[in-house]
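Reading the structure
Listed here are the chains, written in short residue letters.
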Amino acid sequence: MPNSPTTRPLRQAWHEALYGADGFYRQPGGPAAHFSTSAQGLPGVDELLAECIIAIAEEHRLDHVVEIGCGRGELLALIAQRSQRLQLTGVDVVDRPAGLPASVEWVRSPGGASLPDELTDLRSTLVLAHEWLDVVPCEIAVTTCDGLRVLEVAPDGGSRPGRELSDREREWCEQHWPDAQAAEIGTTRDDAYCELRSRIADGLLICVDYGHTIEDRPTDSTFTGYRAGAICEPRFDGSTDLTAHVSMDSLGVPELLQQKDIAARYLVTPDRPDHELARIDPTKYLLMLRRRSAYASFTEPAGLGAFYWSLERVTSSDATS
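Model, not experiment: these values are computed from the prediction.

Take the overall build of the chain next. A tally of regular secondary structure across the chain gives nine helices and 17 strands. Viewed in the frame of its principal axes, the chain has a C-alpha envelope of about 70 × 45 × 40 Å. Once local pairs closer than 6 in sequence are excluded, the contacts in the chain between residues at least 24 apart make up 67%. Working note: accessible area of the chain is about 14600 Å², and carbon and sulfur atoms make up 50% of it.

Spatial strand order, β13-β12-β14: three strands in an open sheet with antiparallel pairing. Of all the strands in the sheet, the pair left with one neighbour each is β13 (230–232) and β14 (241–243). The average undirected angle you get between the axes of adjacent strands in this sheet is 35 degrees. Where strand β12 (residues 224–227) and β14 come together, three bridges link them in antiparallel fashion. Paired with G225 across the bridge in β14 is L242.

The complete set of buried residues in helix α6 (residues 259–266) reads Q259, I262, A263 and Y266. The buried residues of α6 occupy an angular sector of 100 degrees when the element is viewed end-on, so they sit on one face. Where α6 is buried, its residues contact α2 (45–59), β10 (200–209), β16 (255–258), α8 (282–299) and β17 (308–314).

Take the nonpolar core next. In terms of nonpolar packing, the biggest core is built from 62 residues, with W14, I79, L126, I206, F236 and W309 touching the most fellow members. Looking at this core element by element, the count peaks at nine residues for α2. Ignoring anything within four residues of it in the chain, the contact list for L126 reads I53, I56, A57, L62, H64, V65, V66, L204 and I206. Counting 24 residues, the second-largest nonpolar core is a separate cluster that includes V136, A192, L205 and C207.

Attention shifts here to the packing of α2 against α8. Packing of α2 against α8 brings their axes to within 8 Å, and their N-to-C directions diverge by 75 degrees. Comparing their axes, α8 and α2 come out roughly perpendicular. Across from V45, E47, L48, L49, E51 and C52 in α2, the residues of α8 making contact are R290, R291, A294, Y295, S297 and F298.

The rules behind the values
Residues numbered from 1 in each chain as written. Predicted model: local features only at pLDDT ≥ 70, side-chain atom pairs only at ≥ 80, totals over all residues. Heavy atoms only, no water. Helix = DSSP H or I, 4+ residues; strand = E, 2+ residues; numbered from the N terminus. Contact = heavy atoms within 4.5 Å. Areas by Shrake-Rupley, 256 points an atom, 1.4 Å probe, with all protein chains shown as cover. Pairing = 2+ DSSP bridges. Axes fitted to C-alpha atoms, helices over the stretch in contact; angles between N-to-C directions. Buried < 20%, exposed > 50% of the residue type's maximum accessible area, 1.4 Å probe, protein only. Arc of directions from axis to C-beta. Core = buried A, V, L, I, M, F, W, Y, C linked by side-chain atoms within 4.5 Å. Parallel < 35°, antiparallel > 145°, perpendicular 65-115°, else oblique.

Here you go:
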């Protein structure tokens, strides 16, 4: 059925709530005012993430790190402290934040799946999209007595089944999320990934997100809200972060790892400090404890360690094919 004049497609309402003129990601304080991620707000964990990115850039002999959806540049500031060699560029929907190191360049983005025009022909570049795809709005399909229908949003903020799936949406569900009671249709995320990949002439594309593969699809929708540090019902008024897990395997990437595996590859497991060190050098003892605790959080199999990392090396021949 067509959308009535009093409703909006959920994907449109979602996009406006996050990236519109008064959208969530344009609010003062940024995402860090509402929640913490590995890239911001988790002391010690953010340092480990920065170290991983530097190590990967070194391994692939890349000179430039571009972060998509970088918040207020918190992770890039940490990388700048640890590497004088890397060129750094942040991309987000706000103007350049005050206090960001001068070595970090800034490009303003339209938001969502859209990328700035000047972000193109990237060479010797590691492009990082950390928790970006989960906030690229997508359609959500639910099962009704008439089959799968795409959700739409009513004026009161509630959702209800609307139109039938397009041929492409139906094909995507049949291939990637068969027999779903509710599914976040990943076509817009797949397209966003391909568009970001096309901007790289030579480099490495890394997407980090909480998600799933066909082996462990959830039985229900993961669409939810975050506000003031807590999970909440989705609201489309700009007050709330709106997010849904990512079907990571539908991106078609050649390498898909979990964060705990990335840590095993690029970080050294911290030793437990000897209690005698607490007497000899209490500052060093506390720093070692802090790093060990951060490493445990970074690699926790039921937490951050389960985050997916997709890695794809892109060359000039790939970009033109």
